[in-house]
Structures are given as structure tokens and as C-alpha cells.
Amino acid sequence: MPNFSANPADLTSVMKSFYGLTIKRTPTTRDAIFAKFFRYPSVRLLSLLVLTIIFFTHCNHSHDFGTTARAVYYWRTVFSLSDDDVKQLDRLQIQQMYVRIFDIDMGAKAEPAPKAPIRLRSDLPNDMSYTPVVYITVPVLRWMNKNPDAATTLADKILRAIDDWHKASGWPDFQEVQIDADWTTQTEKVYFALLDQIRHRLHQNNQTVSCTLRLHQLHPDAKKPPVDRQLLMVYNLRRLDEKSPKTILDTDLAIRYMQGRLIHYQANLDIALPVYTWASHFHGNRFIGLIDEMTYHDLVSLPVSKTDNSFYRMKKRSRFKSSVFDEGDTIRFENPTNDSVKMAKWLRLTLKDRPDPKRRLILFHFDDRFFNKVYFALLDQIRHRLHQNN
């Protein structure tokens, strides 16, 4: 079983310091039920969502983060929400979705073009706003370096593609566009020129633009992207092929990245934290790839034995969907729940001296396995317990 150090007492302590809450605990039969439930990984992950709910609820008293929208990313190739999904989002009072609508990648004519548009199989829920997100690939950034005067035409192409997608979707109007790209100092100049062109055009329509910011892009002397807001992605800290137990989020490593640097980015900054898991396949020390849709339940159903923190060894040749494992292969299963909780606490304390009423905490990303109706009765009980003496 993955190593989860969080328990009900730990979470209560975090909430006391994180939100300034006074939580009076009197042992009851219900406490015993909570303790039993918290042994399970899915409930531990849900605890992060509970913290997020309380986080937003109490922002009326401490404006470190905004209260305008509770948001979540939707980062899949098909947009499909069941009735239960919509109810779950409603119960979590999530009011906004950041939806990746397509990528900008190199096309057949060796020029940037929209690729992999999201397919719509359901409508956007009523009263839900959305921000279209466009991911620009690294090859496009390199192409821009060779074509530094292309920012204007590429900005027009991106915005036309967004407008065409929006008209075809039938979704409501949006106020913000977000651009996601893994830019470096080598591609910074051309990428910022593109962002500036996009911002200029959106401002003419009373719209705004935001961009993502990765931890490796934080630097005290770095130029700031010409956007209205930045979104700090506090996840995917290490390469997948590293045999580290934590590639999604390691709080200690993330803090080392941000210590002394985040202060230079606190204005107009939103935060994204992970609420997802993934499983990685290794043959010896060679990284084979991610294992599609493997849950913890799927993992422990295979003939595996735990060898180390987050790592499991295959006892005999086995198969899971399209993945084939030889005896001795290892699987790394990551669930960043506890690190996300600690990271949220550290960020709140770090940002408290620079309040921003528009600041948002965004969950990455919506997955019905973790926003599951099975746990909502428990969620209501926990939420009630945390509020009853508030």
C-alpha cells in the first residue's frame, strides 16, 4: 500500500493552522467510523478536496485566495460528464473549468497548426463557466525561434481557432484564455512576443489572457510573461524516467524551488495542485511508460509485492489491458495526497502577506474516479464536523 502519513488527527492539525479554525474534538462513534474510512487511499485523496472546500469557505475572512470561483482542470481528449459527475461538481461548488481544447503543434506544412481538438460528448453544466486552454508544444517554440516575426500571424491563427471551436461547441462566452507552454530562456523572447500579441487582441474584446508557469521557470531576475495572470503548476516535478518515489509532487523539493523566488511572482498568481494518480512501468532501470488507467485497486489485484515507498515488484509475468509485465518488473504508483495537503498549507502561509482577492486554487484535474459519489456522504459528514464549531 502506498505510504500515506496523513490521518484524521494530522488533517485536523493542518486545518487548525491552515485556516485558523478552532475544531473541538469529542470522541464519538462517528470518530471511529472516520478513522476506519481514512485508512483508504481514495478517502485520503478526498481529504484534499475537503481542505479545498474549507479553504475557499474561509477566504471571506482571509483574502489570501479569491472566492470568485472554485475551479478544476479538464485535461482529456473527450469531454464527457455523466449526470453523477455534474451532481458531484455541483456539490463541491466548482463553478469554473479550465478545459484544454486543442494543442498547437507542427502541421503537415511544417508550420504550427491546431491539433488534437477535444471532442464534446456532453454539454458544459448549467451555471458553469469555462476557460479554454491551448497547449503550445516545444517544437512550435523552436520553430518560432527560427521565425521570430511569426508572433502576429500565429496569434491570429490561435485566436481564430479558439473562436471557431467556441462557435461549434455552443458553449457560453468566456472571459479568459489560458496558454500553456514549457518555455525556456532560449524560447522566452519569441513566446512572450506571442503572448503579447494574444493579450492585445483579447483586451480589445474585454477578455484576458493567462499563462502557465512551471517551477523551473521561477527565477528572481526572470522577465515576467506579458499576461494578466499566471498559473503556477505545482506538480510534475521530476522526469518520469527517474526512479524516484515522487515525480508528481514532492513538497520538500517544491519548496526548495520556490523558497526566495515565489515572492517575486505573488501578484496576479493562481495556484494549481494535483489530485490525480499515475502508475509507471520499469523493466530493470529502464522506464517503459505510464500504465493507462491503472488504479490502486488494479495494481494490488496483480501478483505484486511492495519493495519500497511507492514501488511494487511483479512476482510473475502478468498483463493489465495493453501493458505486459515480466517477472521482476517494477511499478511505481503515485498518489500525491499528503504532499498536496502540505503544499497547500505552505503556500497559504507564504502568500498570506500578499493578499489577492482574485487568486484561485485550481485542482488538476477532474477524474470521476476521485470525484466519486461513493464518498460524498462521508464528505458531507466531514464538512459538517469541521464547520460545526466554526
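Keep in mind the model is a prediction, meaning the values are calculated, not measured. (Residues numbered from 1 in each chain as written. Predicted model: local features only at pLDDT ≥ 70, side-chain atom pairs only at ≥ 80, totals over all residues. Heavy atoms only, no water.)

1. A closer look at the confidence of the model for the protein
This is how the line gets drawn: How sure the predictor is of each residue is captured by pLDDT, a score from 0 to 100. Contact between two residues is taken to exist if any of their heavy atoms lie within 4.5 Å; hydrogens are not considered.
Confidence in the prediction of the protein, expressed as mean pLDDT, is 81, and 77% of residues score 70 or more. Within the model, the stretch residues 56–62 combines pLDDT values under 50 with 16 contacts to residues more than four positions away or in other chains. Here residues 373–390 is a poorly scored stretch, pLDDT under 50, and it has 44 contacts once near neighbours within four places are set aside; other chains count.

2. With respect to the nonpolar core
Side chains of nonpolar character tend, in soluble globular proteins, to be buried together. The following threshold applies: We define the nonpolar core as a collection of buried residues of types Ala, Val, Leu, Ile, Met, Phe, Trp, Tyr and Cys that are connected through side-chain atoms lying within 4.5 Å of one another. To sort residues, take the accessible area from a 1.4 Å probe on protein chains only and compare it with the maximum for the residue type: under 20% means buried, over 50% means exposed, and anything in between is partly exposed.
Counting 85 residues, the largest nonpolar core has I136, Y191, L232, V234, M258 and M343 as the members making the most contacts within it. When neighbours within four sequence positions are excluded, I136 is seen to be in contact with I104, L141, I158, I179, D180, A181, Y191 and L194.

3. Notes on the pattern of salt bridges
Cut-off, in case you're wondering: We count a salt bridge whenever a side-chain nitrogen from Lys or Arg sits within 4 Å of a carboxyl oxygen from Asp or Glu. Only DSSP runs of H or I with at least four residues qualify as helices, and only runs of E with at least two residues qualify as strands; both kinds are numbered from the N terminus onward.
Going through the model one piece at a time under the given rule, you end up with 16 salt bridges. A salt bridge links D103 to R100; the shortest N-O distance between them is 2.9 Å. The exposure class of D103 is buried, given its relative accessible area of 17%. The class of R100 is buried, set by a relative accessible area of 5%. For D270, the salt bridge is made with R360, and the minimal N-O distance between the two is 3.2 Å. On the criterion of sequence distance, the pair formed by D270 in strand 10 (residues 269–274) and R360 in the loop between helix 10 (337–351) and strand 18 (361–364) is long-range, its members being 90 residues apart. R360 matches D270 in its accessibility class, with the two residues each being buried. In the salt-bridge network here, residues are joined through shared partners; they are E176, R229, D270, D356 and R360.

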